[in-house]
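Given next are the chains, with one letter for each unit.
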Amino acid sequence: MQIRKATPENIDAMLTIITLAKEGLAALFVNQWQDGYPNRTQLVADIESGNSYLGFFEDEICATAMISFEADPNYAVIENGAWSQNAPYCVVHRIAVHPSYRNKHCAAQMLAYAENLCAARKINYLRIDTHLDNYPMRNFLTRNHFRQCGTIFLDGKNDAAHARVAYDKII
């Protein structure tokens, strides 16, 4: 799989992958990404910031992710645990794989790419979060050596709908 930055020309393919991911989550009764997020506006902002990446499998887009080195304000407060480090980190958000490419390790390769970006910046720390009920993602993160750290809340809203399980990894 090849990985490169997304461009505005890729937005429709990215939206297709995100839509299919939303449908997959809904089928599992996971209330993540069921409120219109992520949407075109968010994905365009990711592209414009230079933080949007795509995985290509034989010239077909198979995965998408946002990889950033900017501190995530949602990670400033963590409850029921603690981050492993108080250090600069890479954050991965909005990672999704087209269903046709599942079990081809596309998501793992996206995380490995994020680790390579970290190495180039001399950063040894990743953070990520997911919905409490998103057991496929939680299991994936555990298999990829992420540590469950506690609970964060999106947009400062301390309720179940905005709670996310926080993970980190020292590389």
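This text follows the structure it describes.
Residues numbered from 1 in each chain as written. Predicted model: local features only at pLDDT ≥ 70, side-chain atom pairs only at ≥ 80, totals over all residues. Heavy atoms only, no water.

A few words now on the overall build of the protein chain. Assigned secondary structure in the protein chain consists of four helices and seven strands. When the helices and strands of the protein chain are listed from N to C terminus, the series reads β-α-α-β-β-β-α-β-α-β-β. Taking 2.2 N^0.38 as the reference for a compact globule, 171 residues should give roughly 16 Å; the C-alpha atoms of the protein chain span a radius of gyration of 15 Å, in line with that estimate. For the protein chain, the spread of C-alpha atoms along the principal axes amounts to about 40 × 40 × 30 Å. Surface exposure of the protein chain reaches about 9,000 Å², of which carbon and sulfur atoms provide 50%. Put simply, the protein chain has 16 plus and 18 minus side-chain charges, and the middle of one group is 5 Å from the middle of the other. (Helix = DSSP H or I, 4+ residues; strand = E, 2+ residues; numbered from the N terminus. Rg over C-alpha atoms; globule rule 2.2 N^0.38 Å. Areas by Shrake-Rupley, 256 points an atom, 1.4 Å probe, with all protein chains shown as cover. Lys, Arg positive; Asp, Glu negative; His and termini not counted. Charge placed at Lys NZ, Arg CZ, Asp CG, Glu CD.)

Another point: the nonpolar core. Core analysis: the largest hydrophobic core is formed by 28 residues, its most contacted members being I67, V92, I95 and L141. Elements with a contribution of two residues or more to this core: strand 3 (60-68), strand 4 (90-97), helix 3 (106-121), strand 5 (125-131), helix 4 (135-143) and strand 7 (163-170). Once residues lying within four places of it in the same chain are set aside, the contact partners of L141 are L111, I128, F146 and Y167. Among the nonpolar cores identified, the runner-up in size contains 16 residues, and I11, L15, A21 and L25 belong to it. (Core = buried A, V, L, I, M, F, W, Y, C linked by side-chain atoms within 4.5 Å. Buried < 20%, exposed > 50% of the residue type's maximum accessible area, 1.4 Å probe, protein only. Contact = heavy atoms within 4.5 Å.)

Further remarks concern the sheet that holds strand 2 (residues 52-57). To summarise the sheet geometry, strands pair through backbone hydrogen bonds and adopt either a parallel or an antiparallel arrangement. Taken together, the seven strands give an open sheet; going across it, the order is 1-2-3-4-5-7-6, and neighbouring strands pair in mixed fashion. Of all strands in the sheet, those with a lone pairing partner are strand 1 (2-5) and strand 6 (147-153), marking the two edges. Each strand of the sheet is rotated relative to its neighbour by a mean of 30°, with strand direction disregarded. The pairing of strand 1 with strand 2 spans four bridges and is antiparallel. Note that in strand 2 the partner of Q2 across the bridge is F56. On top of the sheet, helix 4 reaches strand 4, strand 5, strand 6 and strand 7; it is set at about 160° to strand 5, its chief contact. (Pairing = 2+ DSSP bridges. Axes fitted to C-alpha atoms, helices over the stretch in contact; angles between N-to-C directions.)

Below, the discussion takes up the environment of R143. Tracing the chain through its elements places R143 in helix 4. What makes R143 exposed here is its relative accessible area of 57%. Sequence separation between R143 and A108 is 35 residues; the distance between their C-alpha atoms is 9.6 Å.

So, about unusual backbone geometry. With an omega of -10°, the peptide bond between Y37 and P38 qualifies as cis. Here P38 shows up in the loop between helix 1 (11-27) and helix 2 (40-48). Positive phi values are uncommon outside glycine, yet F29 reaches one of about 60°. In this fold, F29 is placed in the loop between helix 1 and helix 2.

Our next topic: the side chain of S52. With respect to the helices and strands, S52 occurs in strand 2. Judged by relative accessible area, which is 2%, S52 ranks as buried. Not counting residues up to four positions away in its chain, the partners in contact with S52 are R4, K5, A6, M14, D46, I47, T64 and A65.

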